[in-house]
Structure formats: C-alpha cells, structure tokens
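Summary of structural features
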Amino acid sequence: MKTKILKLLEGNAKYSIEDLAIILDSTPEIVSSIIAQLEDEQIICGYKTLINWDKITETEIVTALVEVQITPSRGTGFDRIAQRLSLFKEVEALYLMSGGFDLTVIVKSKTLKEVATFVSQKLAVIDEVLTTRTHFVLKRYKDHSTIFEQAKVDQRMVVSP
C-alpha cells in the first residue's frame, strides 16, 4: 500500500487522507498512519506545487543547468562538496552524474546576471571545482511529468475542392 500511496501523492499532492482511503479501499486512519511513517522515514520529503511561472507576467525567473567537474575528497567522495553546494539559496536541485561531468546544479534566480554572478563568484571559486558549463533554460515544455503547453488542435473545417 505504501507504493500506491506514494504514486498517488506524486501525481497529485492535493489528495486528502479521505480521498486516498476511498481510492485505496482503506480507512483514513490506516492511510494517515502510513503517510506519517513515510514522512518520518524521509521517504516523503515534502509537498510542492508545480507552477508555470512563464504565465505570471510580473515575475521573471531564470533557470540554468550548470555542469560541474570537481575533484572528489578523500574519504567523502562527492558528498562533502555536494552538501556544501546544496546550502546555496540559488541551488534549486543538485544531482551526481555519470559521464563527462560530475554534478548537475539547477540554479534559479531573477536575472541572467544573478546566475552568472553565482556561478563565477560562489561556485567556480570553490577549490574542488575544476570546471563549470552553464546552460540557460529557454522554455519548459514538461516538468515533473506535467506538460505545460498542450498542442493546439486545428479547429477549422476541412474544405475540399
């Protein structure tokens, strides 16, 4: 039942305990107990609302993906530097990667200049950081399994000669 609850909440965090109990053919008490356990075990780490900020005209948000190559620390590997980077308020997400670079840092800020300043003055100057490559997000089509803009269907009537 844990996996079913997790999948339902991942798809829609607004489900009430009562709704989940009905969907799962269970009781609210059982569902509530399982969710509390999942939160205690940090399997459920939080609840977020996914917002399409591009539709809010008075808000400008710049998102960048920064590829980072680092020298891992003896004994702690990548974990120590990743913990340090995760403390920056600009860092939205942080992933250890395989391939040509070590970490992917997702940065959000108000302007391109703020992202550039973060990368050049806070990230690139860390001793373990060897290189950075910054890519700016131009448009989000899908995020966290949510499609932001559906394809528009042509509503015109078909006319044939």
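All residue numbers refer to position in the chain's written sequence, counted from 1. Side-chain atom pairs in this predicted model are given and counted only at pLDDT of 80 or more, local residue features only at pLDDT of at least 70, and totals for whole chains, interfaces and linings cover all residues. Only hydrogens and water are set aside when side-chain values are computed; all heavy atoms of the structure are taken into account.

1. Some thoughts on the pattern of salt bridges
For this document, the term salt bridge refers to a Lys or Arg side-chain nitrogen within 4 Å of an Asp or Glu carboxyl oxygen. In total, this model carries 5 salt bridges according to the counting rule given. For Glu-128, the salt bridge is made with Arg-80, and the minimal N-O distance between the two is 2.4 Å. In this pair, Glu-128 sits in the loop between helix H5 (112-123) and strand E4 (129-136) while Arg-80 sits in helix H4 (residues 79-86), placing the two residues 48 residues apart along the sequence. Classification of residues uses two cut-offs on accessible area relative to the type maximum, computed with a 1.4 Å probe and protein chains only: under 20% is buried, over 50% is exposed, and between them is partly exposed. For Glu-128, a relative accessible area of 15% gives the class buried. Measuring nitrogen to oxygen at the nearest pair gives 3.4 Å for the salt bridge that ties Glu-90 to Lys-89. With a relative accessible area of 9%, Glu-90 lands in the buried category. Salt bridges sharing common partners tie together Lys-89, Glu-90 and Lys-122. Runs of H or I in DSSP of at least four residues are treated as helices and runs of E of at least two as strands, each being numbered from the N terminus.

2. Re the side chain of Asp-102
Checked against the element boundaries, Asp-102 lands in the loop between strand E2 (91-96) and strand E3 (103-109). For the buried residue Asp-102, which engages in no salt bridge, the nearest side chain bearing the opposite charge is Arg-133, 13 Å off. One polar contact links the side chain of Asp-102 to the main-chain amide nitrogen of Ile-70, over a distance of 2.7 Å. With residues up to four places along the chain from it excluded, the contact list for Asp-102 reads Val-68, Gln-69, Ile-70, Phe-78, Tyr-95, Leu-96 and Met-97. We treat Lys and Arg as the positive residues and Asp and Glu as the negative residues; His and chain ends play no part in the count. Under the rule applied, a polar contact is a pair of N or O atoms within 3.5 Å (in protein, one hydrogen donor and one hydrogen acceptor; residues adjacent in sequence only if both atoms are side-chain atoms). Here, residues are in contact when the closest pair of their heavy atoms is within 4.5 Å.

3. Re the sheet that holds E2
Spatial ordering of the open sheet is given by E2-E3-E1-E4, a layout of 4 strands whose pairing is antiparallel. The open sheet is flanked by E2 and E4, the only strands paired with a single partner. Pairwise comparison of adjacent strand axes, ignoring direction, gives a mean angle of 20 degrees for this sheet. Should DSSP find at least two bridges between two strands, the strands are regarded as paired. Across 7 bridges, the pairing between strand E1 (residues 62-70) and E3 is antiparallel. Looking at the pairing, Thr-63 lines up with Lys-108 of E3. All axes here are fitted lines through C-alpha atoms, helices being fitted over the stretch that makes contact, and every angle between N-to-C directions spans 0 to 180 degrees. Against the sheet, H4 contacts E1, E2 and E3, and its axis sits at roughly 165 degrees relative to E2.

4. Some points on the packing of aromatic side chains
For Phe, Tyr and Trp, rings pair up if their centres lie within 6.5 Å, where Trp contributes its six-membered ring, and each pair is then called stacked (planes under 30 degrees apart), edge-to-face (over 60) or tilted (otherwise). Applying the stated rule across the entire model yields 1 aromatic pair. When the centroid spacing of 5.4 Å and the interplanar angle of 80 degrees are considered together, the rings of Phe-88 and Phe-118 count as edge-to-face. You can see Phe-88 sitting in the loop between H4 and E2 and its partner Phe-118 sitting in helix H5, a full 30 residues away along the chain. Judged by its relative accessible area of 2%, Phe-118 falls in the buried class.

5. Things to note about the environment of Pro-28
Topologically, Pro-28 is positioned in helix H3 (residues 28-40). Between the C-alpha atom of Pro-28 and that of His-144, which follows or precedes it by 116 residues, the distance is 27 Å.

6. Examining the pairing of E2
In this sheet, E3 lies alongside E2 in antiparallel orientation, the contact comprising 5 bridges. Note on E3: the bridge partner recorded for Leu-96 is Leu-103. Linkage of E2 to E3, two consecutive antiparallel strands, is achieved through a turn of 6 residues, within which Gly-99 is found at a positive phi near 110 degrees.

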